[in-house]
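This is what each chain is made of:
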Amino acid sequence: MKIAIVGCGITGAYLGWKLAVAGNDVTIFEKRQIIGKEVCSGLISERIWDFIPKDENLVQHKIDSTKMHLPRKTVTLRFRQPLLVMSHAALDRHVARLAEKAGAKIVRNKMVVSLPEGFDRVIGADGALSETRKLLCLKEPSFRQGLQFFSKEKNTDGFVDTWPVKNGFAWKIPRGEEVEYGILADLKTARAKFNEFCTKNGLKFSDLQAALIPQGLVVSNRKDVALCGDSAGLTKPWSGGGVIWSLTAADILLKNFPDFEKYGSELKKFFKPVIRKTKLITKAGYFLGNHLPWILPGTREVDSDWLLP
């Protein structure tokens with residue numbers, strides 16, 4: 001089949017790679033000249049190797065736990081699958097090369113302002129502010145604000161520090177040769193809360209980066225057009241991360257291709273319960289941490305991708 005994919009981030013590149021390997025005629029439209037998501041922590045579980053060939057050159061550092069500094073208690077969450085600190089942009093480009101090697105055509109500097117014509121199927125993988133989603137006149141997901149900056153301080157700790165804020169958290173991520181500080185919070189309050197966090201911890205920054213984080217599953221209303229990844233609002237309620245969720249959705253699409261209606265149905269069947277349950281777990285965790293911290297264990301093992309057993 002002749003397939004158009006809008007967006008060459010990790011999701012679009014992965015779908016382009018797999019669909020090209022399956023013998024389809026794939027064209028990926030990317031609005032920028034340089035491929036790669038720049039504003040992202042790139043903290044991805046080892047499950048990434050379940051989707052793409054393992055390449056340790058992409059790994060900058062490894063994290064095995066996070067310390068949650070609650071108002072009256074610090075809780076350590078140990079990850080079943082270590083988190084890999086990566087450059088998200090380098091990861092995107094790595095998968096894009098796999099797509100091109102498989103025969104997919106990547107058209108750079110192409111801003112899609114209308115649904116591509118002359119294709120049997122169109123897939124929107126064009127991020128949080130998806131133009132494909134807007135062209136389909138679908139509801140917008142809710143958004144939170146992510147802010148980050150990098151400090152030139154060497155740190156090889158094997159854990160991430162986090163501090164809860166309303167509807168989100170601030171973080172400190174050791175990346176080996178540098179340290180990342182950031183926050184995920186409501187659009188209206190993120191900058192003020194981050195300024196407060198930085199002042200409290202004596203942090204100064206000159207290059208603050210920002211990104212919108214979508215949340216809330218959005219499914220296409222067309223038989224020939226599908227959404228996947230951030231364009232479908234697929235990010236984790238507790239952390240805002242989306243790589244493993246996006247690639248899981250991509251595999252659901254590939255399994256059902258070219259039946260996009262069945263893909264949409266299975267996407268909702270799989271993710272809606274996960275989103276609902278993990279939102280409840282996240283809210284319960286913050287409530288207990290703020291009001292009944294003695295109930296929480298000092299250390300607990302968790303699944304960083306799904307939270308669920």
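Preceding this section is the structure that the text describes.
So, how was this worked out
Residues numbered from 1 in each chain as written. Predicted model: local features only at pLDDT ≥ 70, side-chain atom pairs only at ≥ 80, totals over all residues. Heavy atoms only, no water. Helix = DSSP H or I, 4+ residues; strand = E, 2+ residues; numbered from the N terminus. Rg over C-alpha atoms; globule rule 2.2 N^0.38 Å. Contact = heavy atoms within 4.5 Å. 1 Å grid on protein atoms, 1.4 Å probe; cavity = no way out; pocket = protein on both sides within 12 Å on 5 of 7 lines; lining within 4 Å. Points joined across faces, edges and corners; volume = space filled by probe spheres on them. Nonpolar A, V, L, I, M, F, W, Y, C, P; charged D, E, K, R; others polar. Salt bridge = Lys/Arg side-chain N within 4 Å of Asp/Glu carboxyl O. Buried < 20%, exposed > 50% of the residue type's maximum accessible area, 1.4 Å probe, protein only. Axes fitted to C-alpha atoms, helices over the stretch in contact; angles between N-to-C directions. Parallel < 35°, antiparallel > 145°, perpendicular 65-115°, else oblique. Left-handed = near helix turned anticlockwise from the far one by under 90°. Core = buried A, V, L, I, M, F, W, Y, C linked by side-chain atoms within 4.5 Å. Patch = residues over 30% accessible without salt bridge, like charges linked within 9 Å, V, L, I, M, F, W, Y side chains within 5 Å. Areas by Shrake-Rupley, 256 points an atom, 1.4 Å probe, with all protein chains shown as cover. Lys, Arg positive; Asp, Glu negative; His and termini not counted. Charge placed at Lys NZ, Arg CZ, Asp CG, Glu CD. Pairing = 2+ DSSP bridges.

Q: What am I meant to see in the overall build of the protein chain here?
A: Within the protein chain, the secondary structure is distributed over 6 helices and 14 strands. The C-alpha atoms of the protein chain give 19 Å as radius of gyration, which agrees with the globular expectation for 309 residues (19 Å, within 12%). In terms of overall dimensions, the protein chain has C-alpha extents of about 60 × 35 × 35 Å along its principal axes. Put simply, of all contacts in the protein chain between residues at least 6 apart along the chain, 70% involve residues at least 24 apart.

Q: I would appreciate a short explanation of the layout of surface pockets in the present structure.
A: The gaps left among the atoms become clear once a water-sized probe is rolled over them. Estimated volume of the second largest pocket: approximately 440 Å³. Around the second largest pocket, the lining comprises 17 residues; the ones closest to its centre are Arg144, Asn167, Gly168, Pro237 and Lys283. Elements with a minimum of two residues in the lining of the second largest pocket: β8 (142-151), β9 (159-165) and α6 (260-291). Here the lining of the second largest pocket gets 5 residues from one element, more than from any other, and that element is α6. Each residue belonging to the lining of the second largest pocket can be placed in one class, and the counts come to 6 nonpolar, 6 polar and 5 charged.

Q: Before we go on, may I ask you to explain the pattern of salt bridges in this structure?
A: Pairing of side chains with opposite charge becomes possible as their charged atoms draw close. For the structure shown, the criterion picks out 13 salt bridges. For Lys154, the salt bridge goes to Glu177, with nearest N and O atoms at 3.9 Å. Taken together, the positions of Lys154 in the loop between β8 and β9 and Glu177 in the loop between β10 (168-174) and β11 (179-186) put the pair 23 residues apart, joining distant regions of the chain. By relative accessible area, which is 57% here, Glu177 ends up exposed. Linked by salt bridges that have partners in common, Arg47, Lys236, Asp303 and Asp305 make up one network.

Q: It is not clear to me how the packing of helix α5 (residues 243-256) against α6 should be interpreted in this structure. Could you clarify?
A: Any two packed helices are characterised by how steeply their axes cross, that is the angle between the axes, and by the distance between the axes. Between α5 and α6, the shortest axis-to-axis distance is 8 Å and the interhelical angle comes to 150°. In terms of orientation, α5 lies roughly antiparallel with respect to α6. In terms of crossing hand, the pair formed by α5 and α6 is right-handed. Taking contact as the criterion, the partners of Trp245, Thr248, Ala249, Ile252, Leu253, Lys255 and Asn256 in α5 are, on α6, Phe260, Lys262, Tyr263, Glu266, Leu267, Phe270, Phe271, Val274, Ile275 and Thr278. Grouping the constituent residues of the contact of α5 with α6 by class yields 11 nonpolar, 3 polar and 3 charged.

Q: Help me out: how do you make sense of the nonpolar core in this one?
A: When a protein is soluble and globular, its nonpolar side chains tend to lie buried together. Among the nonpolar cores identified, the biggest contains 64 residues, and Ile5, Ile48, Ile52, Met86 and Phe271 are the most heavily contacted of them. Apart from the residues within four sequence positions on either side, Ile5 is in contact with Gly12, Leu15, Gly16, Leu19, Val26, Thr27, Ile28, Phe29, Ile123 and Ala125. With 16 residues, the next largest nonpolar core counts Met68, Leu77, Phe169 and Leu296 among its residues.

Q: Would you mind going over the side chain of His94 with me for this structure?
A: In this fold, His94 is placed in helix α2 (residues 88-101). His94 gets classed as buried once you look at its relative accessible area, which sits at 12%. Setting aside residues no more than four positions away along its own chain, His94 makes contact with Ile52, Pro53, Asp55 and Leu58.

Q: Looking at this structure, I do not really get the packing of helix α1 (residues 10-21) against α2. What am I missing?
A: For the pair α1 and α2, interaxial distance at closest approach is 8 Å and the crossing angle is 20°. Classified by the interaxial angle, the pair formed by α1 and α2 is roughly parallel. At the point where α1 passes α2, the crossing takes the left-handed sense. For the pair α1 and α2, contact is made by Ile10, Ala13, Tyr14, Gly16 and Trp17 and by His88, Leu91, Asp92, Val95, Ala96, Leu98 and Ala99, respectively. Partitioning the contact of α1 with α2 into residue classes produces 9 nonpolar, 2 polar and 1 charged.

Q: In this structure, what is going on with the environment of Pro53? I would like to understand it.
A: Among the secondary structure elements, Pro53 is positioned in the loop between β3 (43-45) and β4 (59-70). A relative accessible area of 41% places Pro53 in the partly exposed class. For the pair formed by Pro53 and His94, sequence separation is 41 residues and the distance between their alpha carbons is 10.0 Å.

Q: Got a minute to help me understand a positive patch on the surface in this structure?
A: Where like charges cluster on the molecular surface, the positive patch consists of Lys139, Lys268, Lys272, Arg276 and Lys277. In this structure, Lys139 sits in the loop between α3 (131-135) and β8. Looking at Lys139, the relative accessible area reads 57%, which means it is exposed.

Q: Teacher, can you tell me more about the sheet that holds strand β13 (residues 225-227) here?
A: Sheet strands pair by backbone hydrogen bonding; their relative direction is either parallel or antiparallel. The strand order across the open sheet built from 5 strands is β6-β2-β1-β7-β13, with neighbouring strands paired in parallel fashion. The open sheet is flanked by β6 (105-107) and β13, the only strands paired with a single partner. Between one strand axis and the next, the sheet turns through 20° on average, direction left out of account. Strand direction decides the pairing type here: strand β1 (residues 2-6) and strand β2 (residues 25-29), joined by 5 bridges, are parallel.

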